[in-house]
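Listed below, chain by chain, are the residues.
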Amino acid sequence: MSQINSLSDITNNGLCIGCGICQSLVGTDKISISMSEKGRLEPEAIKPLSNLEFEKIKKTCPGVIVEGLPQREVNNNSKHDIIWGYYNSLFYAWSTDKDIRFQSSSGGLLNGLSLYLLETNKVDYVLHTAGDPDNPMRSLPKFSYTKKDLLNCESRSRYGPASPLSRFNEALDTNKKFLFVGKPCDISAIRQLSKIDERVNKQCLYLLTLVCGGSTEFTKSQDFINSFNVKEEELDIFRYRGYGNPGLMYIKTKHGREHDKEYNSFWGDESNWRVHFRCKICPDAIGESSDIAALDTWRGGSPEGEDEGFNAAIIRTKKGYDLVHDARDAGYIKIGNHLKIEDINDFQPHQVSKKKAVYARHQGMKNVNRPTLNTKNLRIKELYDLNTKEFNENEAKGISSRLTKI
């Protein structure tokens, strides 16, 4: 079965990332999203979908289609790299607010830009992912209208499952201007939706993302609290990182018990990351269709200790370029030294390796008659052609063997 004919074809073949765009398109009366036994947020059709509804889902779902930066966003200042795609400029950047910088995942760049847009009334609100105040290990989409909304909701890196686009149609229905901050796959879905809904480009003015290491299954978080004999219902705070760069993975119970773990001890072994299958075949974990992508700046890809917090910024569009410089001029962010593509490669070796491997992994799915992602303008075939035959064969066989564990 190599064609996608139903919502279950997307979920059963590991193509779903749980973003929620499908539910947003057809409504909660047609699609529900719930946590699976494997710890993934997955949609289920609770009423039959019409052919028109499912075709609309297929045109936007990042488990079906992923494309690079729209050609209209490429400008005279755009540079191009076979791994990283189009970009206008690369540099260090961070929030000028010491508290934001300390509490954020890295340097607070995305929070700094969000705050600038809110406080200068360039947008009415920010749609982003926050911690659930009643269930802090879980995430939910949030509309933030003020600095307090934005910063007091455990919105720093949420590595576990999230459905930030489940309320995207609600955002469009407000008829107000907003900023979206989310994962690269979320941004991809929004770009696809903009082709069939003219409200998107009129109202969703900026698309900011992070260079994504993958979304972990909920069981990864459960294992963490289980190691301290803590139950989910006991939690008051659950923090993946932040309060330093990278900061500790930290929990606090309602009764005041505190536990933490150093970043590398939790994330150091990539084989235990337990990311969604969709992340293993992701052709764009680097935010190619965003306006700005923010990333960590650890040489070799892993932190060697704490620092005061820095982001690297990949500025992909003129809109993104204008935003960071306007925010700098207004005092919300600091722009540091310029970077080269070689620096970005050094900061993100996992992304370089995955980008080279993705097309072979897609071929591995096709070899066993499984559907995979349709891609465009992401150069994954060109990178495949530069690999050795042995590398491509190993990647294809490896992904085929993982299909039995979806």
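In this report, the structure presented in the accompanying data block is examined. Predicted, not measured: the structure shown is a model, and the values here were computed from it. Per chain, residues are indexed from 1 in the order of the written sequence. Selection of residues for local features in this predicted model requires a pLDDT of at least 70, selection of side-chain atom pairs for listing and counting requires 80 or more, and totals for whole chains, interfaces and linings are taken over all residues. With hydrogens and water set aside, each side-chain value is computed from the structure's full complement of heavy atoms.

A few words now on the nonpolar core. In terms of nonpolar packing, the biggest core is built from 64 residues, with Ile10, Phe168, Phe180 and Phe238 touching the most fellow members. Helix numbers and strand numbers start at the N terminus; a helix is a DSSP run of H or I with at least 4 residues, a strand a run of E with at least 2. In terms of residue count, helix H8 (residues 184-193) provides more of this core than any other element does, five residues in total. Counting residues in each nonpolar core, the second largest holds 29 residues, with Leu150, Val181, Leu205 and Tyr332 among its members. We define a nonpolar core as any set of buried Ala, Val, Leu, Ile, Met, Phe, Trp, Tyr and Cys residues linked to one another through side-chain atoms lying within 4.5 Å. With a 1.4 Å probe rolled over the protein chains alone, any residue whose accessible area is under 20% of its type maximum counts as buried; one over 50% counts as exposed, and the rest are partly exposed.

Turning to the pattern of salt bridges, a few remarks are in order. Every case where a carboxyl oxygen of Asp or Glu lies within 4 Å of a side-chain nitrogen of Lys or Arg is listed as a salt bridge. Evaluation of the coordinates by the stated rule reveals 26 salt bridges. With a shortest N-O distance of 2.8 Å, Glu170 and Arg167 are connected by a salt bridge. The partly exposed category is assigned to Glu170, whose relative accessible area is 40%. Close ionic contact of Asp186 with Lys183 constitutes a salt bridge, the shortest N to O distance being 3.2 Å. Like Asp186, the residue Lys183 is buried in the burial classification.

For the rest of this paragraph, the subject is the side chain of Asp81. Following the sequence through the fold, Asp81 ends up in strand E4 (residues 79-81). Here Asp81 sits buried without a salt bridge, and the closest side chain of opposite charge, Arg379, lies 6.5 Å off (N-O distance). Setting aside chain neighbours within four positions, we find Asp81 in contact with Tyr87, Ile341 and Arg379. Neither His nor the chain termini are counted; the positive set is Lys and Arg, and the negative set is Asp and Glu. Contacts are residue-level and defined by heavy atoms, with any inter-residue pair within 4.5 Å sufficient.

Let's shift gears to the packing of aromatic side chains. Pairing of aromatic rings covers Phe, Tyr and the six-membered ring of Trp, with a centre-to-centre limit of 6.5 Å; geometry is then stacked below 30 degrees between planes, edge-to-face above 60, and tilted otherwise. Inspection of the entire model under this criterion finds 16 aromatic pairs. On the basis of an interplanar angle of 70° and a centroid distance of 6.3 Å, the ring pair of Tyr92 and Phe310 is categorised as edge-to-face. Residue Tyr92 is located in strand E6 (residues 89-95), and its partner Phe310 is located in the loop between strand E14 (292-295) and strand E15 (311-315); the two are separated by 218 residues in the primary sequence. Pairing Tyr116 with Tyr332 gives two aromatic rings, centres 5.5 Å apart and planes at 65°, and the pair type is edge-to-face. Residue Tyr116 is located in helix H5 (residues 109-119), and its partner Tyr332 is located in the loop between helix H13 (318-329) and strand E16 (333-338); the two are separated by 216 residues in the primary sequence.

Here we come to the sheet that holds strand E7 (residues 125-131). Sheet architecture is open: eight strands sit in the order E8-E7-E9-E10-E14-E15-E6-E16, paired in mixed fashion. The outermost strands of the open sheet, each flanked by one partner alone, are strand E8 (139-144) and E16. The average undirected angle you get between the axes of adjacent strands in this sheet is 30°. Between N-to-C directions, angles cover 0 to 180 degrees, with each direction set by a line fitted to C-alpha atoms, over the stretch in contact for helices. On top of the sheet, H8 reaches strand E9 (178-182) and strand E10 (204-210); it is set at about 155° to E10, its chief contact. Pairing between strands is defined by DSSP: at least two bridges between them are needed.

So, about the packing of helix H15 (residues 349-367) against helix H17 (residues 389-402). Where H15 contacts H17, the two axes come as close as 7 Å, and the packing angle between them is 55°. As judged from the angle between their axes, H15 and H17 are oblique. Here H15 runs over H17; the crossing is right-handed. For the pair H15 and H17, contact is made by Lys356, Ala357, Ala360, Arg361, Gly364, Met365 and Asn367 and by Phe391, Asn392, Glu395, Ala396, Ile399 and Ser400, respectively. Classifying every residue of the contact of H15 with H17 gives six nonpolar, four polar and three charged. For classification, angles of less than 35 degrees are called roughly parallel, those exceeding 145 degrees roughly antiparallel, those between 65 and 115 degrees roughly perpendicular, and all remaining angles oblique. Crossing handedness: left-handed means the near helix sits turned counterclockwise from the far one by under a right angle, and right-handed means the same turn made clockwise. Think of it as three bins: nonpolar holds Ala, Val, Leu, Ile, Met, Phe, Trp, Tyr, Cys and Pro, charged holds Asp, Glu, Lys and Arg, and polar takes everything else, Gly as well.

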